[in-house]
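Structural characterization, general
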Amino acid sequence: MPALDPHVRDRLLLALLTLDGFVVGLLSVAFAYLRFGGVALPVAALIGGLLNAVLLWLAAGYTSSPLRYAPLAAWGLVVVIAGGIPGPGGDVILSTSGNYLVQTLFLLVLGVGPAAFLGWTHRLPEADD
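Residues numbered from 1 in each chain as written. Predicted model: local features only at pLDDT ≥ 70, side-chain atom pairs only at ≥ 80, totals over all residues. Heavy atoms only, no water.

Description of helix 2 (residues 43-60)
The end-to-end C-alpha separation of helix 2 is 26 Å, in line with the 26 Å expected for 18 residues at 1.5 Å each. Among the residues making up helix 2, those that are buried are Ala44, Ala45, Gly48, Gly49, Asn52, Ala53, Leu55, Leu56, Ala59 and Ala60. All buried residues of helix 2 project into a common sector of 165 degrees when viewed along the axis, lining one side. Of the surrounding elements, those touching the buried residues of helix 2 are helix 1 (6-30), helix 3 (70-84) and helix 4 (100-120). (Helix = DSSP H or I, 4+ residues; strand = E, 2+ residues; numbered from the N terminus. Expected span 1.5 Å × (residues − 1). Buried < 20%, exposed > 50% of the residue type's maximum accessible area, 1.4 Å probe, protein only. Arc of directions from axis to C-beta. Contact = heavy atoms within 4.5 Å.)

Re the pattern of salt bridges
Applying the stated criterion across every chain, the model contains one salt bridge. In this structure, arginine 9 and aspartate 10 form a salt bridge, with 3.1 Å as the shortest nitrogen-oxygen distance. Aspartate 10 gets classed as buried once you look at its relative accessible area, which sits at 14%. (Salt bridge = Lys/Arg side-chain N within 4 Å of Asp/Glu carboxyl O.)

Some thoughts on the UniProt feature "transmembrane region" (unreviewed entry) in the protein chain
This chain's UniProt record puts "transmembrane region" (unreviewed entry) on residues 12-33, 39-60, 72-94 and 100-120. Taken end to end, residues 12-33 is 86% helix and 0% strand, and its first and last C-alpha atoms sit 34 Å apart. The span residues 100-120 carries 100% helix and 0% strand; its end-to-end C-alpha distance comes to 29 Å. (UniProt positions renumbered as here; feature names shortened; annotations may be inferred.)

Side note on the packing of helix 3 against helix 4
At a minimum axis separation of 11 Å, helix 3 and helix 4 run at an interaxial angle of 175 degrees. As the angle between them shows, helix 3 and helix 4 are arranged roughly antiparallel. Here helix 3 contributes Leu72, Trp75 and Val79 to the contact with helix 4, which in turn contributes Leu107, Leu108, Gly111, Val112 and Ala115. Residue classes in the contact of helix 3 with helix 4 are distributed as seven nonpolar, one polar and no charged. (Axes fitted to C-alpha atoms, helices over the stretch in contact; angles between N-to-C directions. Parallel < 35°, antiparallel > 145°, perpendicular 65-115°, else oblique. Nonpolar A, V, L, I, M, F, W, Y, C, P; charged D, E, K, R; others polar.)

What about unusual backbone geometry?
We note that histidine 122 has phi near 55 degrees; this positive angle belongs to a residue other than glycine. Tracing the backbone through its elements, the reader meets histidine 122 in the segment after helix 4.

Things to note about the nonpolar core
The biggest cluster of nonpolar side chains holds 12 residues, and these are Leu14, Leu17, Val24, Val29, Ala32, Ala45, Leu55, Ala59, Trp75, Val79, Leu94 and Leu107. Of all elements in the fold, only helix 1, helix 2 and helix 3 reach the threshold of two or more residues within this core. Here this core takes four residues from helix 1, the largest share from any one element. Once residues within four sequence positions are removed from consideration, alanine 32 is found in contact with Ala44, Leu94, Gln103 and Leu107. (Core = buried A, V, L, I, M, F, W, Y, C linked by side-chain atoms within 4.5 Å.)

Notes on the side chain of asparagine 52
Along the chain, asparagine 52 falls in helix 2. Of the polar contacts made by the side chain of asparagine 52, one reaches the backbone oxygen of glycine 111; its length is 2.8 Å. Beyond its immediate sequence surroundings of up to four residues, asparagine 52 is in contact with Val24, Leu72, Trp75, Gly111 and Ala115. (Polar contact = N/O pair within 3.5 Å; in protein donor to acceptor, adjacent residues only side chain to side chain.)

Printed below as a string of C-alpha cells:
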C-alpha cells in the first residue's frame, strides 16, 4: 500500500481533530448543568477546556496556519448553535436565567480559556510545514 503524501495526511488528521472538537462541544453542552449531590460543579467546563487545549496542541503540530484553531472553532460553533439557538419548542439548552448563568459562563470561559492561553502566550508547538 503506498504511503500518503505528508500534506494530505496532515490535512486528514486536522479534519479528524476538528471533528473531535465538534464532539467535545456536544458533550460539553450536554453535561453543562451536571450536579453532584445537588451541587452544581463545572466539571463539563473543566474537562471541555482541557480537551480543547489538547486538541489545539495536537492541531498546532500539523499546521502553523490559522487552521490549527479549527477544533476550537468547531467547539464554539457547537456551543453557540446547540446551546444557544432555541429548538422547535422554544427551549434553549444553555440558559442565562437564574442559577444557570454562572454555569453557562463557566462553560464559555473555561472551555476556551486554556486553549486561548496557549495561543496567546505562543506556547504551541511549531509544525513541520
